[in-house]
Amino acid sequence: MIHNLQLNSAGKLKHFLDIEGLNHSILTDILDTAESFISVTDRSIKKVPILRGKTVANLFFEASTRTRSTFELAAQRLSADILSLDINTSATVKGESLLDTLHNLQAMQIDMFVIRHQDSGSAHFFAQHVLPGVSVLNAGDGQHAHPTQAMLDMFTIRNYKQQFENLSVAIVGDIMHSRVARSQIHALNILNTGQVRVVGPPTLIPEQAESLGVQVYHDLNEGIRDVDVVIMLRLQKERMRGALLPSEEEYFAQYGLTAKRLQQAKPDAIVMHPGPANRGIEIESSVMDGSQSVILNQVTFGIAVRMAVMSMIAVQPVADA
Amino acid sequence: MKILLEQGRLLDPATGRDEITDICIDKQLIIGVGDQPAGFEPDHVINASGKLVTSGLVDIQCRVREPGHTHKATISSETRAAAHNGITSLCIPPDSNPVTDNSAVVELIHHANHKAGNRCHIYTIGAISKGLQGEQLSNMGSLKKAGCIAVSNALNPFTNNLVQRRAMEYASGQDMLVVIQPYDRALYGNGCAHESAMATRLGLPPIPEAAETAALAKDIELVAQTHARTHFGQISCARSVEMIRQAKRDKLPITADVAIHQLFLTDRDIDGFDSNKLTIPPFRSEQDRDALRQGISDGTIDCICSDHQPHNIDAKLQPFPSAEPGISTLDCFLGLVFRLVDEGVLNLAQALASVSSKPAGIFRLPAGHLAAGEIADVIVIDDQSHYQCDADLFASAGKNCAFTGWDFSARVETTIVAGKIIN
């Protein structure tokens, strides 16, 4: 039931909640559609009329800079009207329940909600409670999923490596608390990536991580040896307080990506980071700004990928409940 | 009133007696089983032929939400639900608001039950520490005098082992049963799902087994130290079953129960983020569930409770981690107990004993035995019934059910509490 929720009866995207449960052809469709929007974002007039007359509401219960702004830009470039709500100053702070907030916005004839919320499963929860014809795009739910981020990462990998089958990809850092990592792992496996590795200390690797379809490494040098792609994750500073790690210094010494360590990977390996990055904690500045880094390109691709997902959802019949 | 229950299949949980016969009730008591006493003239005859007649069920862990949370349920609504489902004795934990740490609250609860028509017997479990704070001992002697049948700190574990030791010693001096739900607050953290591949996939903050077993190990050591008669409630892990098995081998004065839903659901059932399946402790692995079933079957776990937790709708209309934990189980308790029989986990006599005579024995309640001179808490069950569990039809005010659509084969037809036909 969880996985059917985002598909309509024809097997097309109705909501975009989670990579898990989608198939190879839908993911490839998203990447191909995004490809076609890259040319739009390169034009002097960066607009297409696909979402003209539709209203998109950005509902961010958690702070965000690039996800929120790239969703806004994506909606604008598709000619949608866009409403961005700062939840910190809105009615939920005054005690309104989540559902009441949602229902009130629905009464304003919103067609698509882009939602980020701190609870895992919140995107599913909203999708279960919106009216038929209204779509939910998950912009991050707790530690569960961040599917558009994962798809822009897949887009980036395909852009530089053309295929997935013969690749080794290492995801490094705080896997435990990362919705990005979970969605990336599902996407990489659905796209038949040769090998997916996760690298981090045992305190930041979730229980039975192998069941997600990855190999677990606790040593960074081994974990990135001969890989084609290194994805660094952001380390949140509060992890030190929860006794998950001794110190930032120790973490950088053990798991920080330096130019020297990067030599373990293939010479043409690319380095990615979903942002925002902590220089000197998980990644050295020289690597972040170096020739193998594609971090800023990820942000650019993010707009095209989000346009792709929004447009694919928008072309579905409205009343498919 | 004199009641004659005629020609039912009598099954006495306390003795295992199983025969087709009559039961005679006069006023509050059973006055005859089998032969009718000379001159017995019933005012009311119930034909129980083809039905099962047994003791009213005893539920040792049931939240009625009163006092303090009457927007969720009340003593009136939940005693009606209990009686409707054949449960004639309820033990309620002390974590109401106000906390049951003084005799006034005990009296308040009994008064509310009386006002609601005494549809079932209510027994209060008192707080073992003042305000459940784990710092000062409660007036356990006064609580006992007011009617409390045990003491507990509910889901507020002691943080100070010395205070816990003293509380257990003091309780044993009052000859009061100590009820403990093994719970390590730090290891629970903000967790909401069993630490497993499922929690990893769903990105839900995990609860390790050690959140229960580390606490249980300490609690068992304190039983060994104090010899306080102790009952462990709502255990969820295979390792806990093994620890209790060993402690019983060591002749420690301990008993244990499991919540009925833990014998059926596992962490797989939370897929889809169904907030009705959010519980504390969480649903664990299939191996854990199987070990709990083995434990109840071989007697390591003594009895089964409902761990009934009725909620208002809004409490569950939240994303999974923000919803309130607990399941409304009174209305599916009997159906699930009979499924244990259908699935070969327990035979019928064992199953009925585990929800009547056994918990009654541990908590020293006058229940669970069908014989002349006993209080007439008697139920008639149609065990050839076939229906699907439907939360909308629940008598409980809580519709937060995790078993909607399940097939059940047993239904209560008549409930007699202290000689009065309630249902």
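From a predicted model like this one, the values you see are computed outputs, not experimental measurements. (Residues numbered from 1 in each chain as written. Chains lettered and ligands numbered in written order. Predicted model: local features only at pLDDT ≥ 70, side-chain atom pairs only at ≥ 80, totals over all residues. Heavy atoms only, no water.)

1. Section: the overall build of chain A
Part 1 of the reasoning: Along its length, chain A carries 12 helices and nine strands.
Part 2 of the reasoning: C-alpha extents for chain A along the principal axes are approximately 55 × 45 × 40 Å.
Part 3 of the reasoning: Counting every position in chain A, which comprises 321 residues, the buried fraction comes to 58%.
Part 4 of the reasoning: Across chain A, the fraction of contacts at a sequence separation of at least 24, relative to all contacts at a separation of at least 6, is 74%.
Part 5 of the reasoning: If you sum the accessible surface of chain A, you get close to 12700 Å²; carbon and sulfur atoms cover 49% of it.
Part 6 of the reasoning: Both charge centroids of chain A, one from 27 positive and one from 33 negative side chains, sit 6 Å from each other. (Helix = DSSP H or I, 4+ residues; strand = E, 2+ residues; numbered from the N terminus. Buried < 20%, exposed > 50% of the residue type's maximum accessible area, 1.4 Å probe, protein only. Contact = heavy atoms within 4.5 Å. Areas by Shrake-Rupley, 256 points an atom, 1.4 Å probe, with all protein chains shown as cover. Lys, Arg positive; Asp, Glu negative; His and termini not counted. Charge placed at Lys NZ, Arg CZ, Asp CG, Glu CD.)

2. Some words on the interface of chain B and chain A
Part 1 of the reasoning: In this complex, chain B contributes 17 residues to the contact, which on the side of chain A involves 25 residues.
Part 2 of the reasoning: Both sides together, the interface formed by chain B and chain A hides about 1700 Å², and carbon and sulfur atoms give 61% of it.
Part 3 of the reasoning: On the chain B side of the interface with chain A, the three residues burying the most area are Thr200, Arg201 and Pro319 of chain B, jointly 34% of the side's total.
Part 4 of the reasoning: Where chain B packs against chain A, one counts one salt bridge.
Part 5 of the reasoning: Across the pair Arg201 of chain B and Glu20 of chain A runs a salt bridge, and its minimum N-O distance is 2.7 Å.
Part 6 of the reasoning: On the surface where chain B and chain A come into contact, there are five residue pairs in polar contact (both at pLDDT 80 or more). (Buried area = accessible area lost by both parts, 1.4 Å probe. Salt bridge = Lys/Arg side-chain N within 4 Å of Asp/Glu carboxyl O. Polar contact = N/O pair within 3.5 Å; in protein donor to acceptor, adjacent residues only side chain to side chain.)

3. Comments concerning the pairing of strand β5 (residues 168–172) of chain A
Residues and elements named next belong to chain A.
Part 1 of the reasoning: Within β5, five of the five residues are buried, leaving the element largely enclosed by the surrounding structure.
Part 2 of the reasoning: Judged by which residues are buried, β5 turns out to be covered on both faces: Ser168, Ala170 and Val172 on one side and Val169 and Ile171 on the other are all buried.
Part 3 of the reasoning: With five bridges joining them, β5 and strand β6 (residues 195–199) adopt parallel strand pairing. Bridge pairing links Val169 to Val196 in β6.
Part 4 of the reasoning: A crossover links β5 with its parallel partner β6, the connecting element being helix α6 (residues 179–190), and its sense is right-handed.
Part 5 of the reasoning: Strand direction decides the pairing type here: β5 and strand β8 (residues 229–232), joined by four bridges, are parallel. Among the inter-strand pairings, Ile171 is bridged to a residue of β8, identified as Ile231. (Pairing = 2+ DSSP bridges. Right-handed = clockwise from strand over helix to strand, strands pointing away.)

4. Concerning the domain arrangement of chain B
Residue and element names in this part refer to chain B.
Part 1 of the reasoning: If you check the domain split of chain B, you get domain 1 (2–52 + 375–421) and domain 2 (57–363).
Part 2 of the reasoning: Tallying the contact residues gives 33 residues for domain 1 and 44 residues for domain 2.
Part 3 of the reasoning: Roughly 2800 Å² is buried in total at the junction of domain 1 and domain 2, and carbon and sulfur atoms are behind 68% of that figure.
Part 4 of the reasoning: Put simply, domain 1 and domain 2 have zero salt bridges between them.
Part 5 of the reasoning: At the boundary of domain 1 and domain 2, one finds 15 residue pairs in polar contact (both at pLDDT 80 or more).
Part 6 of the reasoning: Those elements giving two or more residues to the side of domain 1 that touches domain 2 turn out to be β1 (2–11), β16 (378–382), β18 (407–408) and β19 (411–417).
Part 7 of the reasoning: For the side of domain 1 that touches domain 2, the element with the highest residue contribution is β19, accounting for five residues. (Domains from an automatic or database assignment.)

5. Here we look at the sheet that holds β5 of chain A
Backbone hydrogen bonds hold the strands of a sheet together, and the pairing may be parallel or antiparallel.
All names here are of chain A.
Part 1 of the reasoning: Read across the open sheet, the five strands follow the order β7-β6-β5-β8-β9; overall the sheet is parallel. The strands lining the two open edges of the sheet, one partner per strand, are β7 (215–217) and β9 (270–272). The average angle at which neighbouring strand axes cross in this sheet is 20 degrees, direction not considered.
Part 2 of the reasoning: Sheet strands touched by α6: β5, β6 and β8. Its angle to β5, the strand with the most contacts, is close to 170 degrees. (Axes fitted to C-alpha atoms, helices over the stretch in contact; angles between N-to-C directions.)

6. Observations concerning the nonpolar core
All names here are of chain B.
Part 1 of the reasoning: Among the nonpolar cores identified, the biggest contains 81 residues, and Phe232, Ile304 and Phe403 are the most heavily contacted of them.
Part 2 of the reasoning: Among the elements that take part in this core, helix α11 (residues 333–342) stands out by supplying six residues, more than any other.
Part 3 of the reasoning: Composition of this core by domain shows at least three residues from each of domain 1 (2–52 + 375–421) and domain 2 (57–363).
Part 4 of the reasoning: Not counting chain neighbours up to four residues away, the residues in contact with Phe232 comprise Ile180, Pro182, Leu216, Asp219, Ile220, Val223, Ile244, Ile254, Thr255, Ala256 and Asp257. (Core = buried A, V, L, I, M, F, W, Y, C linked by side-chain atoms within 4.5 Å.)

7. Quick look at the sheet that holds strand β14 (residues 254–259) of chain B
Residues and elements named next belong to chain B.
Part 1 of the reasoning: Spatial ordering of the open sheet is given by β6-β7-β8-β9-β10-β13-β14-β15, a layout of eight strands whose pairing is parallel. Each having just a single partner strand, β6 (57–59) and β15 (303–305) make up the two edges of the open sheet. Ignoring strand direction, the axes of neighbouring strands in this sheet form an average angle of 30 degrees.
Part 2 of the reasoning: In this sheet, strand β9 (residues 150–152) lies alongside strand β8 (residues 121–127) in parallel orientation, the contact comprising three bridges. Paired with Ile125 across the bridge in β9 is Ala150.
Part 3 of the reasoning: Strands β7 (87–92) and β8 of the sheet are contacted by helix α2 (residues 103–115), whose axis makes an angle of about 165 degrees with β8.

8. Quick look at the packing of aromatic side chains
Part 1 of the reasoning: A complete count under the given rule lists nine aromatic pairs over all chains for this structure.
Part 2 of the reasoning: Look at Tyr387 of chain B and Phe408 of chain B: their rings are 6.0 Å apart centre to centre, the planes differ by 65 degrees, and that puts the pair in the edge-to-face class. You can see Tyr387 of chain B sitting in strand β17 (residues 387–388) and its partner Phe408 of chain B sitting in strand β18, a full 21 residues away along the chain.
Part 3 of the reasoning: Ring pairing ties together the aromatic residues Phe61, Phe125 and Phe126 of chain A, which thus form one cluster.
Part 4 of the reasoning: Sitting over the face of the ring of Phe71 of chain A, Arg306 of chain A holds its NZ or CZ atom 5.0 Å from the ring centroid. (Phe/Tyr/Trp six-rings, centres within 6.5 Å; stacked < 30°, edge-to-face > 60°. Lys NZ or Arg CZ within 6 Å of the ring centre and 35° of its normal.)

9. Quick notes on the domain arrangement of chain A
All names here are of chain A.
Part 1 of the reasoning: Once the domains are mapped, chain A shows domain 1 (4–145 + 300–314) and domain 2 (147–296).
Part 2 of the reasoning: If you average the C-alpha positions of domain 1 and of domain 2, the two centres end up 26 Å apart.
Part 3 of the reasoning: Counting from both sides, the interface comprises 33 residues of domain 1 and, opposite them, 28 residues of domain 2.
Part 4 of the reasoning: Approximately 2500 Å² of surface area, both sides summed, lies buried where domain 1 meets domain 2, with 65% of it carried by carbon and sulfur atoms.
Part 5 of the reasoning: At the boundary of domain 1 and domain 2, one finds three salt bridges.
Part 6 of the reasoning: For the pair domain 1 and domain 2, the interface holds seven residue pairs in polar contact (both at pLDDT 80 or more).
Part 7 of the reasoning: When residues of the side of domain 1 that touches domain 2 are assigned to their parent elements, the largest contribution, nine residues, is made by helix α1 (residues 24–42).

10. Quick notes on the side chain of Ser357 of chain B
Part 1 of the reasoning: In this structure, Ser357 of chain B sits in helix α13 (residues 357–363).
Part 2 of the reasoning: Polar contacts involving the side chain of Ser357 of chain B include one to the main-chain carbonyl oxygen of Pro13 of chain B, which spans 3.3 Å.

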